[in-house]
Amino acid sequence: IKMADADLKKGNNRANTTRSPRYLVPNDYMADPAAHVFEGKLYIYPSHDWESGVEENDNGDHFNMKDYHVFSMQDINGEVTDHGVVLTVKDIPWAGRQLWDSDVAFKNGKYYMYFPLKDRNDIFRIGVAISDKPYGSFISEKHPMLGSYSIDPCVFEDNGKHYMYFGGIWGGQLQRYRNNKALESAATPADDEPSICSKIAQLSDDMMEFGEQPRDIVIKDKDGKPLLQGDTQRRFFEASWVHKYNGKYYFSYSTGDTHNLCYATGDNPYGPFVYQGVIMTPVVGWTTHHSIVEYNGKWYLFYHDSVPSGGKTWLRSMKVVELEYNPDGTIKTLDGMNQ
Ligand code: FUB
């Protein structure tokens, strides 16, 4: 009983579920899965981890990924099809290094892949690559999106409009910017100041650029106060994702150095969002990164852990597990998802 009380205080609404997670690609390392339903199938767009030999450091240089694969599934328990390499660093004209978490959106018969990559000055920008098919391959544009910065783009479609959410602190470089401008010197706010926020911008009609200046996604606590930078168990770090359930907007994200997957809800894509709780407690590995999608009437959490690599933070394996809601729309916390 004591344990349950402690969990409730932390916002951990433990799932009473026997459904177990499934590793999707046991023979390779895939992370940061972005899942979407296109043409009636589940498509998954992960990062492709590999052993590049780059030493582990606080900048995340060891996440030195050089290409993307696409996967698809007709049945959540069925075969996972690997569509092979669909974009590589060497085919991106402005590339420096490190292809991190990507996402894909569909509009007017075309699929747009959005990916973060360091340019030749080692600054993360967001690029666009296009395909006629959800499984690629994708052809990169010559330049990154104008005014783009940081990492982890996620594109959410609502009423025919597409919104990009992005950003990540520390190695993701978001702390180097204020009001969409690079700072002379990177400063993270003090612990008692409002936390650095994920960003949102509606995309232009042609899907190639921001259609407006990116704005902050403010997450407030239940008293209406913005979460503070020192509130490391709850504040935003990276891995933005948005889905809609029963007319409400759910903004979910990783708390990075405290390794929680959390969520907050709001009434529109821009927020503000009100903090609700933990979706998934920490898994093996440093990063935690996910997507949430409805398929055939059920909701699923796609995520990764580093169990198969024996805890190597840069060699992650992609998984899926069913996600459940309580009658009031809160999400049941998934706990112990490493098995
Ligand atoms: O995969 C590289 C980075 O690790 C992602 O962009 C972050 O969200 C974290 O998962």
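Cut-off values and rules
- Residues numbered from 1 in each chain as written.
- Predicted model: local features only at pLDDT ≥ 70, side-chain atom pairs only at ≥ 80, totals over all residues.
- Heavy atoms only, no water.
- Helix = DSSP H or I, 4+ residues; strand = E, 2+ residues; numbered from the N terminus.
- Buried < 20%, exposed > 50% of the residue type's maximum accessible area, 1.4 Å probe, protein only.
- Contact = heavy atoms within 4.5 Å.
- Areas by Shrake-Rupley, 256 points an atom, 1.4 Å probe, with all protein chains shown as cover.
- Lys, Arg positive; Asp, Glu negative; His and termini not counted.
- Charge placed at Lys NZ, Arg CZ, Asp CG, Glu CD.
- Pairing = 2+ DSSP bridges.
- Near = heavy atom within 4 Å.
- Polar contact = N/O pair within 3.5 Å; in protein donor to acceptor, adjacent residues only side chain to side chain.
- Core = buried A, V, L, I, M, F, W, Y, C linked by side-chain atoms within 4.5 Å.
- Salt bridge = Lys/Arg side-chain N within 4 Å of Asp/Glu carboxyl O.
- Phe/Tyr/Trp six-rings, centres within 6.5 Å; stacked < 30°, edge-to-face > 60°.
- Lys NZ or Arg CZ within 6 Å of the ring centre and 35° of its normal.
- Axes fitted to C-alpha atoms, helices over the stretch in contact; angles between N-to-C directions.
- pLDDT = per-residue confidence, 0-100.

Time to look at the overall build of the protein. The number of helices and strands found in the protein is one helix and 23 strands. Structurally, the protein occupies a C-alpha span of about 55 × 50 × 45 Å along its principal axes. The 339 residues of the protein split such that 57% are buried. Across the protein, every contact between residues at least 6 apart in sequence was considered, and the portion connecting residues at least 24 apart equals 54%. Within the structure as shown, the protein displays about 14,500 Å² of accessible surface, and the carbon and sulfur contribution to it stands at 48%. Each charge class in the protein was averaged separately, 35 positive and 46 negative side chains, and the resulting centres sit 2 Å apart.

Quick look at the pairing of strand 21 (residues 291-295) now. Of all five residues in strand 21, four are buried, a share of seventy percent or more. As paired elements, strand 21 and strand 22 (residues 298-305) share five bridges and run antiparallel to each other. Considered in strand 22, the bridge of Ser 291 is made with Phe 302. Counting the residues in the hairpin turn of strand 21 and strand 22 gives two residues, including Asn 296, whose phi is positive at 50°.

Another aspect to go through is the site of the ligand. With respect to spatial proximity, the complete set of residues near the ligand consists of Asp 32, Met 65, Trp 100, Asp 101, Ile 151, Asp 152, Glu 238, Thr 287, His 289 and Arg 316. Between the ligand and His 289, the relevant distance is 2.6 Å, taken from an oxygen atom to a side-chain nitrogen or oxygen of the residue. With respect to the ligand, the side chain of Arg 316 contributes an N or O atom lying 2.7 Å from an oxygen atom. In the complex, 99% of the free accessible area of the ligand, which totals 280 Å², lies under the protein chains.

With 79 residues, the main nonpolar core has Met 113, Tyr 114, Phe 115 and Leu 301 as its most contacted residues. Counting residues per element, this core draws most heavily on strand 7 (residues 110-118), which supplies six residues. If we ignore the near neighbours within four places in the chain, the residues touching Tyr 114 are Ser 102, Asp 103, Ala 105, Ile 126, Gly 127, Val 128, Met 145, Pro 153, Val 155, Met 164, Leu 203 and Met 207.

What follows covers the sheet that holds strand 6 (residues 103-107). Read across the sheet, four strands follow the order 6-7-8-9 without closing on themselves; strand pairing throughout is antiparallel. The open sheet terminates on both sides in strands that have one partner only, identified here as strand 6 and strand 9 (139-140).

All right, on to the pattern of salt bridges then. Tallied over the full model, the rule gives 15 salt bridges. For the salt bridge of Arg 97 with Asp 122, the shortest nitrogen-to-oxygen distance reads 2.7 Å. One end of the pair, Arg 97, is in the loop between strand 5 (80-88) and strand 6; the other, Asp 122, is in the loop between strand 7 and strand 8 (124-131), with 25 residues separating them in the sequence. Residue classification places Arg 97 among the partly exposed residues on the basis of a relative accessible area of 27%. Classification of Asp 122 as partly exposed rests on a relative accessible area of 31%. Asp 267 is the salt-bridge partner of Lys 248, the closest N and O atoms lying 2.9 Å from each other. Of this pair, Lys 248 sits in strand 18 (residues 248-254) while Asp 267 sits in the loop between strand 19 (261-266) and strand 20 (273-280), placing them 19 residues apart in sequence. With a relative accessible area of 61%, Asp 267 lands in the exposed category. A network of salt bridges, in which partner residues are shared, links Asp 61, Arg 97, Lys 118 and Asp 122.

Scanning the model with the defined rule gives 26 aromatic pairs in all. Each ring, one from Trp 170 and one from Phe 237, has its centre 5.2 Å from the other, and the planes form 65°; the classification is edge-to-face. Here the residue Trp 170 occupies a position in the loop between strand 11 (161-166) and strand 12 (177-178), and Phe 237 occupies one in the loop between strand 16 (219-220) and strand 17 (238-245), the gap between them amounting to 67 residues. Taking the relative accessible area as the measure of exposure, Phe 237 reaches 2% and is therefore buried. If you follow Lys 66 out to its NZ or CZ, it ends over the ring of Trp 50, 4.1 Å from the centre. Taking NZ or CZ as reference, Arg 215 lies 4.2 Å from the ring centre of Tyr 270, over its face.

It is worth spelling out the environment of Ile 279 at this point. Inspection of the secondary structure puts Ile 279 in strand 20. Taking the C-alpha atoms as reference, Ile 279 lies 29 Å from Arg 178; in sequence the two are 101 residues apart.

This part takes up the side chain of Ser 195. Structurally, Ser 195 is set in the loop between strand 13 (181-182) and strand 14 (198-202). Beyond its immediate stretch of four places on either side in the chain, Ser 195 contacts Leu 227, Leu 228, Gln 229 and Arg 235.

Let us now look at the sheet that holds strand 5. Strand order in the open sheet formed by four strands is 2-3-4-5, and the pairing between neighbours is antiparallel. The outermost strands of the open sheet, each flanked by one partner alone, are strand 2 (30-38) and strand 5. Taking the axes of each pair of neighbouring strands and ignoring which way they run, one obtains an average angle of 25° across the sheet.

In low-pLDDT segments, the atomic positions of the prediction should not be examined closely. Here the protein averages 94 in pLDDT, while 94% of its residues score no lower than 70. This model gives residues 1-18 a pLDDT under 50, and the stretch forms 20 contacts once residues within four places in sequence are excluded. At the level of chain-chain contacts, confidence expressed as ipTM amounts to 0.98, with global pTM at 0.95.

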